[in-house]
Every structure is written in C-alpha cells, then in structure tokens.
Amino acid sequence: MVTQTATGSVDVYRTRLAEHSQIEPRPHPVVWGSMNNSGPLSGPELRRYDERGYHTVSSVLDSADIRRCLDDVHTITDRLGEDDRVIRESTSGDVRSLFAVHQLSDVVAEIVSRPEVIGVAQQILDDEVYVHQSRVNLKPGFAGGPFYWHSDFETWHAEDGMPAPRALSVSIALTPNYSHNGSLMIIPGSHKRFVSCVGATPKAYHRESLVSYRPPFGTPEESDVTELSDELGIDTIVGGEGSALYFDSNCMHASAGNITPYPRSNLFVVFNAKSNALQDPYGAAAPRPDHLAHR
Ligand code: 6CS
Ligand code: FE
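Note that this is a predicted model, so its numbers are computed, not measured.

**Q** When you look at the site of ligand 1 in this model, what are you seeing that I'm missing?
**A** By nearness alone, every residue bordering ligand 1 is listed as Gln133, Arg135, His150, Asp152, Thr155, Trp156, Leu210 and Arg288. Measuring from an oxygen atom of ligand 1, one finds a side-chain N or O atom of tryptophan 156 at 2.9 Å. The fraction of the free accessible surface of ligand 1 (300 Å²) that becomes covered by protein chains is 89%. Elements supplying a minimum of two residues to the shell around ligand 1: strand 7 (129–137) and helix 6 (152–160). Of all the elements, helix 6 adds the most residues to the shell around ligand 1, at three residues. Of the residues assigned to the shell around ligand 1, the class counts are two nonpolar, three polar and three charged.

**Q** Please explain the coordination of the iron ion (ligand 2) as it appears in this structure.
**A** Angles at a metal have ideal values that depend on geometry: 109.5 degrees with four tetrahedral donors, 90 or 180 degrees with six octahedral donors. Bound to the iron ion (ligand 2) are the protein donor atoms His150 (NE2), Asp152 (OD) and His253 (NE2), situated 2.1 to 2.3 Å from the metal. One can describe the donor arrangement at the iron ion (ligand 2) as irregular, given that its four donor atoms subtend angles of 82 to 173 degrees at the metal. Along the chain, the residues donating to the iron ion (ligand 2) are arranged with the sequence spacing H-x1-D-x100-H. Exposure class is identical for histidine 150 and aspartate 152. Each is buried.

**Q** Just checking my understanding: could you explain unusual backbone geometry for this structure?
**A** Peptide bonds are, in most cases, trans, and in most cases residues other than glycine have a negative phi. If you check the backbone angles, alanine 100 has positive phi at about 55 degrees while not being a glycine. One non-glycine residue, alanine 204, lies in the positive phi region at around 50 degrees. Among the structural elements, alanine 204 can be located in the loop between strand 11 (193–194) and helix 7 (206–211).

**Q** For this particular structure, what's the right way to read the pairing of strand 6 (residues 95–99)?
**A** Looking along a regular strand, one sees side chains alternate from face to face of the sheet. In terms of residue burial, strand 6 counts as a mostly covered element, since five of its five residues are buried. Linkage of strand 5 (residues 86–88) to strand 6, two consecutive antiparallel strands, is achieved through a turn of six residues, within which glycine 93 is found at a positive phi near 80 degrees. Summarising the sheet, strand 6 and strand 7 pair through three bridges and their orientation is antiparallel. Bridge pairing in strand 7 places leucine 98 opposite valine 136.

**Q** Whenever I open this one, the sheet that holds strand 7 confuses me. Can you help?
**A** Within a sheet, neighbouring strands are paired by backbone hydrogen bonds and run either parallel or antiparallel to one another. With antiparallel pairing, the seven strands of this open sheet are ordered in space as 4-13-9-15-7-6-5. Edge positions in the open sheet fall to strand 4 (54–57) and strand 5, since each of these has one partner strand only. Each strand of the sheet is rotated relative to its neighbour by a mean of 15 degrees, with strand direction disregarded. Across five bridges, the pairing between strand 9 (residues 167–173) and strand 13 (residues 244–248) is antiparallel. Looking at the pairing, leucine 168 lines up with aspartate 248 of strand 13. Of the strands in this sheet, strand 7, strand 9, strand 13 and strand 15 (266–273) touch helix 6, which is tilted by about 115 degrees from strand 7.

**Q** Looking at this model, I keep getting lost on the sheet that holds strand 12 (residues 235–236). Mind explaining?
**A** A sheet is described by the order of its strands in space; here four strands give the open sequence 8-14-10-12, paired in antiparallel fashion. At either margin of the open sheet sits one strand with a lone partner, and together these are strand 8 (147–151) and strand 12. Two strands pair when backbone bridges link them, and strand 10 (residues 184–186) and strand 14 (residues 252–255) are joined in this way by three bridges, in the antiparallel orientation. Paired with leucine 184 across the strands is serine 255, a residue of strand 14. In this fold helix 6 packs onto strand 8 and strand 14, with an angle of close to 70 degrees to the strand it touches most, strand 8.

What counts and what doesn't
- Residues numbered from 1 in each chain as written.
- Chains lettered and ligands numbered in written order.
- Predicted model: local features only at pLDDT ≥ 70, side-chain atom pairs only at ≥ 80, totals over all residues.
- Heavy atoms only, no water.
- Near = heavy atom within 4 Å.
- Polar contact = N/O pair within 3.5 Å; in protein donor to acceptor, adjacent residues only side chain to side chain.
- Areas by Shrake-Rupley, 256 points an atom, 1.4 Å probe, with all protein chains shown as cover.
- Helix = DSSP H or I, 4+ residues; strand = E, 2+ residues; numbered from the N terminus.
- Nonpolar A, V, L, I, M, F, W, Y, C, P; charged D, E, K, R; others polar.
- Donors = N, O, S within 2.8 Å, 3.2 Å for Na, K, Ca; no water.
- Tetrahedral: all angles 85-135°; square planar, octahedral: opposite > 155°, others 65-115°.
- Buried < 20%, exposed > 50% of the residue type's maximum accessible area, 1.4 Å probe, protein only.
- Pairing = 2+ DSSP bridges.
- Axes fitted to C-alpha atoms, helices over the stretch in contact; angles between N-to-C directions.
- Contact = heavy atoms within 4.5 Å.

All we've got here are geometric facts, nothing functional implied.
Here's what the structure looks like:
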C-alpha cells in the first residue's frame, strides 16, 4: 500500500485514489518522544491521549479573554467583508469561519503563545512547533451548518504536503459547547488508522471544500465511518466557555448543524512540528493558499 512520490520517498498515506481501499494502520507515533515528555500533561494524561486521540481541559480562557476574542473576531469580519479568509454559511450568509485569525488578532496571537496552549503541543509533538492553521468557527444559532466526517491530516497531507501526522489542534470554546448545538464528535482511537479518500482533488478546490457541508473530495466512504464507529464508538465533546480540547490531526471527527438559538463558537489553532515542515502536496496539483496552510 505504498507508492513512490516525486521526490523518491515512499508515501505511506496514499489518498485521493481512483478506488476505495481498506483502512490502514498508522505507522507513526501519536505522542512523540516518550510518555515522560515534560509539559502541562501528566504521564497518565499523555497515555490517555495516545489511546483515545484527545485530551480535554475545563478552563483555559477566562470570561475577559473570551469577550476580547469575540469582539476582535466580529470587528475583523466586519472590516474584511468579502475576503478569502472569511467563509460564509451557504444558507444564511452568516460568517462560518475566519481563517488566519492569529495573524489578524493580537488577542488571539497572545492566547496562542500561552504555555497551557502551545506548551501542550510542544509536549505531545516533542519538538518546536508553529501554527499551521488558525480559525474561528462561529456556528451561529439556527443557521450553523455541519462539518461532515473527516480526518484533518488527510486534507493537510493531500492538499498541503504535510508529511506525517506530527500535528494537533486545540479547540477552545468561546461559547458553551452543548450536546445539542453542534459540538464536536470524535471516534476515539480512529487517529491510529488511516482512512484514504476516493477521487482526485480538482484544481482550485479549497474554497468549495470549506463552504460545502459534505465536501465531495477528502471525505471518507460511509462504510469506513460505519466500520470505525461500530468498533470504537463516538464521543461527543461538551464543555463550558473557556474549555479546551486538544486532538490529534488524524482523528476521525465531525459536527452536526446548529438549529438551537445558542451559537457554538470555537477558536481552533493547529500546531505542526517544525521537523514536519510542509512539502509539495501528496494528492493535489498545487498547494493551498497561505491562510489555510502557513509555510
Ligand atoms: O481544510 C481544512 O484544512 C480544514 N477543514 C476542516 C473541515 N477541518 C480542519 C481544517 O480547518
Ligand atoms: Fe476538522
């Protein structure tokens, strides 16, 4: 199940293929270095992250941080108007996502640099890290669309040239994440399998993939999601304002639409290990723009 890439190295995460292929084991570690890596997480917490693919913390931001953060996001989206970094809901026109938010907001930049945020990434990835992508997903009340099942790493490998899953995301709740307002669902343990996706990536696909509620490429087969869910189950991640979820780049995850009155707005920051710097895309003709994949 391996092929030679243009650079002569072997790609163990082949995807965007002509035909469906079976789920493969992940050859790379989840916690890099050792379970004794120093940082904010205890040894048992690191082992649990290794097994399940995620870790939650009840309070990373206080209410003043959250207010400043949301104020900045609203000011910035109003100022930008039509912009590549702003993605809108196809149904209502409400803002769905704002990308490169750590570059646009000093408040977010300062939050990213805190030890309880970046320090967890350095500990798990056992390397210096940088921000591969940042965004706020607002998921407005009544009109927030779903995010269909996917592995982020599958996209970052195929479209951005990320060599290995030596990356993780932190999702910080800026509003409460209830079980009913579109909170994240994760298949625990799915991060240790690689699910390839069918279909060659079209040219200039990135905007469609972010607007679509079920993107036509980079999306697993229903049979693969069923196989993983039957075996591993589905966890719903709920938490109050300021709570945080750290999750592996290769977790199979999704979130449903939000038809409650209560927005589910989260700040996502993706950290990649410096030693895992982006190469040419493994499954697309050209790399995506910088605001989706910083180089
Ligand atoms: O395309 C991406 O990079 C992304 N899309 C999704 C649905 N999740 C992660 C990331 O922002
Ligand atoms: Fe995702």
